[in-house]
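Report on the structure
Residue strings, one per chain:
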There are 2 protein chains.
Amino acid sequence: MTQTGSTLSMQRAEPASGAALIALDWGTTSLRAYLFDANGAVLETRASTAGIMNLPRPAAEGGFDAAFDAAVGAWLDRSPELPVIAAGMVGSAQGWKEAPYVNTPASADALVDGIVRVQTARGVPLNIVPGVLQNGELPNVMRGEETQIFGALACAAASGAAASAAGKGVLIGLPGTHAKWVMVRDAKIERFHTFMTGEVFAALTEHTILGRTMVTPDRPDTDAFLRGVRVAREKGQPGVLATIFSTRTLGLTAQLTREQQPDYLSGLLIGHELGGLEAALAQQQSTLAGRSLQLIGNEALCERYVLALDQFGCHRAELVRHATERGLWRIATQAGLVGEASGAAQAN
Amino acid sequence: MTQTGSTLSMQRAEPASGAALIALDWGTTSLRAYLFDANGAVLETRASTAGIMNLPRPAAEGGFDAAFDAAVGAWLDRSPELPVIAAGMVGSAQGWKEAPYVNTPASADALVDGIVRVQTARGVPLNIVPGVLQNGELPNVMRGEETQIFGALACAAASGAAASAAGKGVLIGLPGTHAKWVMVRDAKIERFHTFMTGEVFAALTEHTILGRTMVTPDRPDTDAFLRGVRVAREKGQPGVLATIFSTRTLGLTAQLTREQQPDYLSGLLIGHELGGLEAALAQQQSTLAGRSLQLIGNEALCERYVLALDQFGCHRAELVRHATERGLWRIATQAGLVGEASGAAQAN
């Protein structure tokens, strides 16, 4: 296997003799490619920075084809007939071809029905999974997360864990730049919220006075993080626009070192995110306390959420690994791009 | 009167024959100077961009003296014996000389006692008013606002309005980059909060995805602003980290034009600020509804707050003009820098 440009590659199993599907997780700033065998096991993966806002050349000059070839051209050279599926921002208005949003409540079947095809320069059609829209006074959109969610549900279904939860709904959190919290009921994405926690953290630390007194610590400071979570949870606290200023004033009054300030601010923001989620859940006569839920995303970040959720009385937050691959495999299978074989439970 | 560098000047009355005091409002990015007569009337004002982070040359190379001379040298040439007072970030650790914070509850007398003197190169001493610190789990600091507050109180005392409110306390809002909400009781700054509303608005519009779909309108869109305030006030809304994302999704779903997005976001943030203030007031068995309060600051911004406060049932928000000059005059008088004469009530 060759490495092209910024592309990293990793071999997971035997070469592609038994390849059955190529699947892409194609976001704004990154592109991940998976090669599956007919049983849904991942044979190889490739990752690059060629997100839709970071193509090797402009879209009008064939940038999408160039990124596509760099990522999966070698696989297609060996197996030109492989079906290819993609999820993420590649289906947005700024992507290769727009796959219009599917409305909530959104089932996996509705996603399959909404798949849009784009013809690549090498003749292979690319099947793009649509995102999900929850319309209303505070609309919400996702692209890519819907696929991860159905991957997580496939995993839960395989383990039998989802069956009992089907009636009261499954809550899934996807921490990140734009964190999502999604309620799934009867195998449909029913309702969700987007919290700009990650992007706000970056903007505050890089572009406000709060960053000026901060020093990035060698390793995360859990105590400082939990202190931030506790402040955000306090009754009568004046809200995140005010509590964040304490990152600076606790420094001014020698109660927080420069190295503690990033984790404290992170704890504040994640604490306020979960507080906001609590308020929204309360409208549905629900709460975080005592609930079990699933987390999808970067493992270190998910671990922070596990710590924070614990403060909210939620002690059963389970990390779901490989949700993206599982979801892409599941939707491709459901769309008839690959035979059902022995299916999603075997995706590793 | 001459104009030096970026300094603007404005003549307000007769030349400085009857001058009695020079007062400076010296912040991070701006410097304003006032020349008073013995009755507390402003004779002349000068403004420059020579804030403490924007000196004409580095502080170690006499930057403070250079800015001082450019701003008030002409006045001191004519009247070398004039007393000079300053408030604001010039007294911070990054300022000319640190004037240590006075703790809450802070009276005007305590501020006078905390005045720190620095000798200028031209021999005139500069009297620097200290800021105020409210220590505790969420510490708060101010520098400059304390002077505006005592200016506003002087104004209210002169009009007799404060007398009846003295017992239950006066609430004063100072909108801006770091908005302050201050509770004054028995002529002391008792408690306050800082909301980073202005700086967060700038960071969100300039450094996050929200700015990408925004176009600055020709004039403010009050409907879009009030829509944002209403969303922030809604029961069960998931908090500001989530509601701000609707600035984008309402655009994606054609419910908000690009030109409406800045005012909508402004309404969201100010609405969340006032919601946070409500939560903090509730801890003191108080509320915004039915309360009368004072606002100090940029007039257009204060007008936005008046509109937003109206949504919170607070219909008596009064703008206090010239609070800075009045406060500087009052503290200088109380410090014995000028004779009492006929005092603050005549400051225009």
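Residue numbers here run from 1 along each chain, matching the order of that chain's written sequence. Just so you know, chain letters begin at A and ligand numbers begin at 1, following the order they were written in. In keeping with the model being predicted, local features are shown solely for residues with a pLDDT of at least 70 and side-chain atom pairs are shown and tallied solely at 80 or more, while totals for entire chains, interfaces and linings include all residues. In computing side-chain properties, one takes all heavy atoms of the structure into account and sets aside hydrogens as well as water.

The name given to chain A in an unreviewed UniProt entry is 2-dehydro-3-deoxygalactonokinase, with the source organism recorded as Paraburkholderia phymatum.

**Some thoughts on the relation of the copies chain B and chain A**
Formally: When the copies are overlaid, the least-squares fit takes in C-alpha atoms only where the residue has pLDDT of at least 70 in both copies.
When chain B is fitted to chain A, the residual RMSD is 0.0 Å, and the transformation amounts to a turn of 180 degrees plus an axial shift of 0.0 Å. Between the two chains, the operation in question is that of a two-fold axis. Among all C-alpha atoms of chain B, that of B:Ala203 lies closest to the rotation axis, at 3.0 Å.

**A word on the interface of chain B and chain A**
Accessible area lost upon the coming together of the parts is a frequently used measure of interface size. Rule in force here: We call two residues in contact when some of their heavy atoms are within 4.5 Å. Two parts placed together each lose some accessible area; with a 1.4 Å probe, that loss summed over both constitutes the buried area. Note on definitions: salt bridges are taken to be side-chain nitrogens of Lys or Arg within 4 Å of carboxyl oxygens of Asp or Glu.
The partner chain A presents 52 residues to the 52 residues of chain B that form the contact. Carbon and sulfur atoms supply 69% of the area buried between chain B and chain A, which totals about 4000 Å² over both sides. Together, B:Met196, B:Leu241 and B:Phe245 form the three largest contributors to the area buried by chain B at its contact with chain A, with a combined 17%. Across the chain B-chain A interface, the total number found is zero salt bridges.

**Side note on the sheet that holds strand 10 (residues 132-134) of chain A**
Residue and element names in this part refer to chain A. Filter applied, for reference: In this analysis, strands are considered paired if DSSP registers two or more bridges between them. Helix and strand assignments come from DSSP, with helices taken as H or I runs of at least 4 residues and strands as E runs of at least 2, each series counted from the N terminus.
Spatially, three strands are ordered 6-10-11 in an open sheet, and the strand pairing comes out mixed. At either margin of the open sheet sits one strand with a lone partner, and together these are strand 6 (102-103) and strand 11 (140-142). Across three bridges, strand 10 lies against strand 11 in antiparallel orientation. Counterpart to Leu-133 in the pairing with strand 11 is Val-141.

**Examining the packing of helix 6 (residues 222-233) of chain B against helix 9 (residues 261-283) of chain B**
Residues and elements named next belong to chain B. Note the following rule: Angles here are taken between N-to-C directions and fall from 0 to 180 degrees, while the axes themselves are lines fitted to C-alpha atoms, restricted in helices to the stretch in contact. A crossing counts as left-handed when the near helix is turned anticlockwise from the far one by less than a right angle, and as right-handed when that turn is clockwise. Gly is put with the polar residues, along with every residue not named as nonpolar or charged; the nonpolar set is Ala, Val, Leu, Ile, Met, Phe, Trp, Tyr, Cys and Pro, and the charged set is Asp, Glu, Lys and Arg.
Relative to each other, helix 6 and helix 9 sit at 35 degrees, their axes nearing to 6 Å. Where helix 6 crosses over helix 9, the two elements pack in a sense that is right-handed. Of the residues in helix 9, those touching helix 6 at Ala-224, Phe-225, Arg-227, Gly-228, Val-229, Val-231 and Ala-232 are Asp-263, Tyr-264, Ser-266, Gly-267, Leu-268, Ile-270, Gly-271 and His-272. When its residues are assigned to classes, the contact of helix 6 with helix 9 shows eight nonpolar, five polar and two charged.

**Some words on the sheet that holds strand 12 (residues 170-174) of chain A**
Two pairing modes exist for strands in a sheet, parallel and antiparallel, and in both the strands are linked by backbone hydrogen bonds. Residue and element names in this part refer to chain A. On the basis of which strands lie adjacent, the open sheet formed by six strands has the order 7-14-13-12-15-16 and mixed pairing. In the strand order of this sheet, the two ends are held by strand 7 (106-107) and strand 16 (316-319), each with one partner. As defined by bridge partners, strand 7 adjoins strand 14 (residues 188-195) across two bridges and the pair is classed as antiparallel. Its bridge partner lying in strand 14, Ala-106 is registered against Ile-189. Strand contacts of helix 10 (residues 299-311): strand 13 (179-185), strand 15 (292-295) and strand 16, with the helix running at about 175 degrees to strand 16, the strand carrying the most contacts.

**Describing the packing of helix 5 (residues 197-207) of chain B against helix 9 of chain B**
If you want to describe how two helices pack, look at the angle between their axes and the distance between the axes. All names here are of chain B. As a packed pair, helix 5 and helix 9 sit with axes 10 Å apart at the nearest point and diverge in direction by 145 degrees. Relative to helix 9, the crossing made by helix 5 is right-handed. Facing helix 5, whose interface residues are Thr-197, Val-200, Phe-201, Leu-204 and Thr-205, helix 9 presents Pro-262, Leu-265, Ser-266, Leu-269, Ile-270 and Glu-273. Tallied by class, the residues present in the contact of helix 5 with helix 9 amount to seven nonpolar, three polar and one charged.

**Some points on unusual backbone geometry**
Residues and elements named next belong to chain A. Put simply, the rule reads: Only protein chains enter the accessibility calculation, which uses a 1.4 Å probe. A residue is then buried if its area is under 20% of the maximum for its type, exposed if over 50%, and partly exposed in between.
Cis geometry marks the peptide bond from Thr-104 to Pro-105; its omega dihedral reads -5 degrees. Tracing the chain through its elements places Pro-105 in the loop between strand 6 and strand 7. Notably, Ala-187 is not glycine yet its phi reads approximately 60 degrees, a positive angle. The residue Ala-187 is located in the loop between strand 13 and strand 14 in this model. Assessed through its relative accessible area of 44%, Ala-187 is described here as partly exposed. Even without a glycine there, the phi angle at Ala-254 is positive, about 60 degrees. Given a relative accessible area of 72%, Ala-254 falls into the exposed group.

**What about the pattern of salt bridges?**
All names here are of chain A. Enumeration over the complete set of coordinates arrives at 14 salt bridges over all chains. Of the charged contacts in the structure, one is a salt bridge between Arg-122 and Asp-69, with a shortest N-O distance of 3.2 Å. Of this pair, Arg-122 sits in the loop between strand 8 (116-119) and strand 9 (125-128) while Asp-69 sits in helix 1 (residues 63-78), and the two are 53 residues apart along the sequence. Among the residues examined, Arg-122 registers a relative accessible area of 33% and is labelled partly exposed. Each of the salt bridges in this network shares a partner with another, and the network as a whole consists of Asp-69, Asp-77 and Arg-122.

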